Amino acid sequence: MTRHVAIVGSGPAGFYAAEAIFKKAPEVRIDMIDRLPTPYGLVRSGVAPDHQGTKNVWRVFDRTARRDTFRYFGHVEVGRDVSVEELLARYDAVVLAVGVTVDRRLGIPGDDLPGVYGSRALSGWYNGHPDFSGLEPELRGPGIAVIGNGNVAVDVVRVLSREPDEMIKTDIPRYALDAIERSDYSELYMLGRRGPSQASFTTAELRELGEMTRTVALVDPAQLPEVVEADDPKHQKKMEKIVETLRSYSQNAPDAKPQRLHLRFFASPVRVIGPDRVRGLEVAVTELRDGRAVATGETYVLEVGTIVTAIGYGATPLEGVPLAASGTSFANVDGKIADRLWAVGWAKRGPSGVIATNRGDSAEVADRVLAELSDGARGGGDALGALLAERGARVVSYDDWLAIDEKERAAASEPTPRVKITSMDALLAACGR
Ligand code: NAP
């Protein structure tokens, strides 16, 4: 009997799970369901546009998607068009690879004022995600503050700091490029609530901040430790390299380039100054106590008109699937949520790790899925297709996606790789749905 697996979410974790299942059990039929007509999740709409090399991993996923035993159900939202329970009735196993999609809030007065944007929304906007293409952020200066010291914060800073010539080889939508150009900001602040040795960005990403054409990276040398002591000894070498890179930025001349990026540490936002929109940000000076940032009582105000939070994400609740206490993943044990229901990627472990992390992680869960996979008495994709047809869903197939892909590429001229279609209606129209 044919065994059927549904994978919900077509980002790296979902595709790596499919690849691993096919490797060990090529006869299994896998259907991948995604609420967007376009596959590849964060590879298309989270990875920064100037990291086109990273985005190239889609080629690996495309190979999986072209297998005869694979079917793509795009523009199908679990929770709207079909429930998890209905999937479990039609598939021998259901794997949730839906990521985590809610921006964490700062939880300080004024964090809901116009001019405060979450990184999920802002990076979705500059990546042409249909949910966020209409965001129209007002990128007002004189300063923009990006909160957080992770790689997402670095991505946001880079995209906002680069000039159009540096973005020509990318697929950033024209509207985003124009809005960034129109912004009157000259100072960017990247704020870490703890110190340089506690930052979670990686060395390669930090180094890119020193290579931008019109923005000079600056660090106050007084904030750098003389001796680096990583929280986890395994990270000692990495943190030494980070501090060394920051030290080189501390020697940059502020007027070396037209715009400045200030990397500030021991800086914890306490109040967004309004009243009608962002007019400034009050920041508490912190010190480290037992690894935690503790306010010293001293504060200062940054003259910013825009704030972007890049402080992590929470999971989106899905009916019938319990969230972990942290709220950043589904409750699971090594990927298992319940009988025949699994989680991979950020839905399993919360928002941590790079794309490649998902390869091994999804493969481990795939092994467990296969070990427990029942003998295939369920209808799979045909049964799902029939249910969706009954409900009038406009399902986008992988061939439909290829038609969208072709149109996006045809609309671009060298060296721009593609002109993304950024609204749901236009995406559906592009593939005749
Ligand atoms: P992250 O690495 O966990 O960083 C989150 C940052 O937000 C930390 O610096 C954290 O500080 C800070 N933060 C949390 N709550 C805060 C608050 N209330 N006030 C001030 N700061 C706060 O998460 P991420 O940047 O969202 O990245 C998620 C994952 O994707 C990471 O594994 C990352 O490496 C990966 N990623 C990789 C790339 C790449 O490879 N180029 C690009 C993007 C993302 P504390 O440490 O003090 O909590």
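Reading guide: rules and limits
- Residues numbered from 1 in each chain as written.
- Predicted model: local features only at pLDDT ≥ 70, side-chain atom pairs only at ≥ 80, totals over all residues.
- Heavy atoms only, no water.
- Near = heavy atom within 4 Å.
- Polar contact = N/O pair within 3.5 Å; in protein donor to acceptor, adjacent residues only side chain to side chain.
- Areas by Shrake-Rupley, 256 points an atom, 1.4 Å probe, with all protein chains shown as cover.
- Helix = DSSP H or I, 4+ residues; strand = E, 2+ residues; numbered from the N terminus.
- Nonpolar A, V, L, I, M, F, W, Y, C, P; charged D, E, K, R; others polar.
- Domains from an automatic or database assignment.
- Buried < 20%, exposed > 50% of the residue type's maximum accessible area, 1.4 Å probe, protein only.
- Lys, Arg positive; Asp, Glu negative; His and termini not counted.
- Salt bridge = Lys/Arg side-chain N within 4 Å of Asp/Glu carboxyl O.
- Contact = heavy atoms within 4.5 Å.
- Buried area = accessible area lost by both parts, 1.4 Å probe.

Further remarks concern the site of the ligand. Near the ligand lie 21 residues; those nearest to it are Asn149, Arg193, Arg194, Ser200 and Gly353. One of the side-chain N or O atoms of Arg193 is found 2.7 Å from an oxygen atom in the ligand. Glu205 has a polar side-chain atom sitting 3.0 Å from a nitrogen atom of the ligand. In the complex, the protein chains occlude 79% of the 920 Å² of accessible area that the ligand would expose alone. Broken down by element, the residue count for the shell around the ligand peaks at three residues, all from helix 7 (residues 151-161). Counted by class, the shell around the ligand contains nine nonpolar, seven polar and five charged residues. Both domains that furnish three or more residues to the shell around the ligand are identified here as domain 1 (4-101 + 314-430) and domain 2 (105-311).

In this section: the side chain of Asp34. Here Asp34 shows up in strand 2 (residues 29-34). No salt bridge is formed by the buried Asp34, whose closest oppositely charged neighbour, Arg35, lies at an N-O distance of 6.4 Å. Engagement of the side chain of Asp34 in a polar contact is seen with the backbone nitrogen of Leu36, the distance being 2.8 Å. Ignoring sequence-local partners within four residues, the contact set of Asp34 consists of Gly9, Ser10, Tyr72, Phe73, Gly74, His75 and Val76.

What the domain assignment reports for the protein is domain 1 (4-101 + 314-430) and domain 2 (105-311). The C-alpha centroid of domain 2 is placed 31 Å from the C-alpha centroid of domain 1. Taken residue by residue, the interface counts 24 residues in domain 1 and 24 residues in domain 2. Buried area between domain 1 and domain 2, summed over both chains or domains, comes out near 1900 Å², and the portion from carbon and sulfur atoms is 52%. Three residues stand out in domain 1 for area buried against domain 2, namely Pro49, Asp50 and Thr422, and they jointly supply 30% of the buried area on that side. Run the count over domain 1 and domain 2 and you get four salt bridges. For Arg158, the salt bridge identified is with Asp50, shortest N-O distance 2.7 Å.

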